[in-house]
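Structural overview for review
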Amino acid sequence: MQPWLEQVTRSSGQSWTLFDRQLPAFPFNWHYHPEFELTLTLNSSGQRFVGDHVGQYGDADLVLVGPNLPHAWQSRVALDPTQPHRALVLWFQPQWAYGLTQPYPELDSLVPLLADARRGVAFSPDTVAAVLPRLLALVEMAPAQRWLGLVDVLLLLAADRQRQLLTLQGFASEQLPRDRARLDRVLAHLHAHYAEPIRLETLADLAAMSASQLQRAFKRSTRSTVSGYLAQLRIGHACALLLDGDRPIAQIAEATGYRQQSYFTRQFRALKGMTPLAFRRGFHAGGGRG
């Protein structure tokens, strides 16, 4: 199923959008948009879908989704059935977010948070407890105070060292570090040729490093080995293909660089905790057929 493009509008005189959504239920709505989205769900439990991630959410679940990353929430049960399912949804443009960090070195901690958001981020219970009253207070604030309040919330989220990345690298393929030219060439090659055999020596030549130097620099930059990153890239793209139609598993394996379907299935299970077929069925069971 292809996600649809949602148009996010801003109120006059405001640089970002806050929407207090209160509904009898959250229907499955597989979509994306060029804005960052911070979503706090209240009085609700169900399933959340972010890129290739399929997981459960409960009360006070807080997730930051990066630009153009498909996502959806589907409610199951309201904790208090006499009250609606509620979601505070905050949208802000990349230009706005990165514009905070360029002139103000005091806000440099936002840079890693924004990079992580391109894979979707779920925040730890302690951090959610700290930001929950601040998020609720935004609803009644005037625009200027609301702007300052959002920056305060983002700084608290940036300090969360227990935050969890939700998608694999391959699903969120925009995430390339732009400030390291040599590693940029390596990452660009991996993203362009992930379905082909990849030799470490070729990557080292692109980076003008020895193989051992590349491995160390790559690990510092991506928090992953080259082989681990490549596996995430391949499986992430496989997830995208699994969600889009009913293409045979064997064809998906070959299209993402696996010559043996059995090895593809083993690596898929190692990274996603389930087989490719179970992943596809789980997504469709959550409402992924439109």
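Model, not experiment: these values are computed from the prediction. (Residues numbered from 1 in each chain as written. Predicted model: local features only at pLDDT ≥ 70, side-chain atom pairs only at ≥ 80, totals over all residues. Heavy atoms only, no water.)

**A few points about unusual backbone geometry**
A positive phi angle, near 65°, is found at Asn68, a position not held by glycine. Within the element layout of this structure, Asn68 appears in the loop between strand 7 (61–65) and strand 8 (71–77). Note on Asn68: relative accessible area 35%, which makes it partly exposed. Positive phi, close to 55°, is recorded for Ala208, a residue that is not glycine. Locating Ala208 in the fold gives a position in the loop between helix 6 (200–207) and helix 7 (211–222). (Helix = DSSP H or I, 4+ residues; strand = E, 2+ residues; numbered from the N terminus. Buried < 20%, exposed > 50% of the residue type's maximum accessible area, 1.4 Å probe, protein only.)

**Details of the packing of aromatic side chains**
Aromatic ring pairs are defined here through the distance separating the ring centres and the angle between the ring planes. Following the criterion strictly, the structure yields 12 aromatic pairs and no others. Each ring, one from Phe268 and one from Phe279, has its centre 5.7 Å from the other, and the planes form 65°; the classification is edge-to-face. Pair noted here: Phe268 is in helix 10 (residues 261–272) and Phe279 is in helix 11 (residues 276–288), with a separation of 11 residues, a long-range link. As far as burial versus exposure is concerned, Phe268 and Phe279 are alike and both buried. Among the aromatic residues, ring-to-ring pairing joins Phe36, Phe92, Trp96, Tyr98 and Trp147 into one connected group. Across the ring face of Tyr258, the terminal group of Arg234 is positioned such that the distance to the ring centre comes to 5.7 Å. (Phe/Tyr/Trp six-rings, centres within 6.5 Å; stacked < 30°, edge-to-face > 60°. Lys NZ or Arg CZ within 6 Å of the ring centre and 35° of its normal.)

**Description of helix 4 (residues 143–158)**
Helix length check: helix 4 (16 residues) gives 23 Å between terminal C-alpha atoms against 22 Å at 1.5 Å per residue, within 8%. Those residues of helix 4 that sit buried are Arg146, Gly149, Leu150, Val151, Val153, Leu154, Leu157 and Ala158. (Expected span 1.5 Å × (residues − 1).)

**Here's the deal with the pattern of salt bridges**
The final tally for this structure, using the stated rule, is five salt bridges. Between Arg48 and Asp61 there is a salt bridge; the shortest N-O distance is 2.9 Å. Pair noted here: Arg48 is in strand 5 (residues 45–50) and Asp61 is in strand 7, with a separation of 13 residues, a long-range link. Summarising the burial analysis for this pair, Arg48 and Asp61 share the class buried. Note that Glu201 and Arg199 form a salt bridge whose closest N and O atoms lie 3.6 Å from each other. Judged by relative accessible area, Glu201 falls into the partly exposed class, the value being 44%. (Salt bridge = Lys/Arg side-chain N within 4 Å of Asp/Glu carboxyl O.)

**Concerning the sheet that holds strand 2 (residues 17–23)**
Taken together, the six strands give an open sheet; going across it, the order is 2-9-4-7-10-11, and neighbouring strands pair in antiparallel fashion. Of all the strands in the sheet, just strand 2 and strand 11 (164–165) have a single pairing partner and so form its edges. With seven bridges connecting them, strand 4 (residues 36–42) and strand 9 (residues 85–92) associate as antiparallel partners. If you follow Leu42 over to strand 9, its bridge partner there is Arg86. Along the sheet, helix 2 (residues 110–117) makes contact with strand 4, strand 7, strand 9, strand 10 (121–122) and strand 11, crossing strand 7 at roughly 90°. (Pairing = 2+ DSSP bridges. Contact = heavy atoms within 4.5 Å. Axes fitted to C-alpha atoms, helices over the stretch in contact; angles between N-to-C directions.)

**A closer look at the confidence of the model for the chain**
The predicted model of the chain averages 88 in pLDDT, with 92% of residues at 70 or higher. Between residues 174–179, whose pLDDT stays under 50, and residues either more than four places distant or in other chains, the model counts 17 contacts. (pLDDT = per-residue confidence, 0-100.)

**Here's the deal with the environment of Glu106**
Structurally, Glu106 can be placed in the loop between helix 1 (94–101) and helix 2. Given the relative accessible area of 63%, Glu106 is considered exposed. Residues Glu106 and Gly273, spaced 167 residues apart in sequence, show a C-alpha to C-alpha distance of 40 Å.

**Some thoughts on the packing of helix 3 (residues 125–138) against helix 4**
Running from amino to carboxyl end, helix 3 crosses helix 4 at an angle of 170°, the nearest separation of the two axes being 10 Å. Between helix 3 and helix 4, the angle falls in the class roughly antiparallel. Counting all contacts with helix 3, which are made through Thr127, Val131, Arg134, Leu135 and Leu138, the residues of helix 4 involved are Arg146, Gly149, Leu150, Asp152, Val153, Leu156 and Leu157. (Parallel < 35°, antiparallel > 145°, perpendicular 65-115°, else oblique.)

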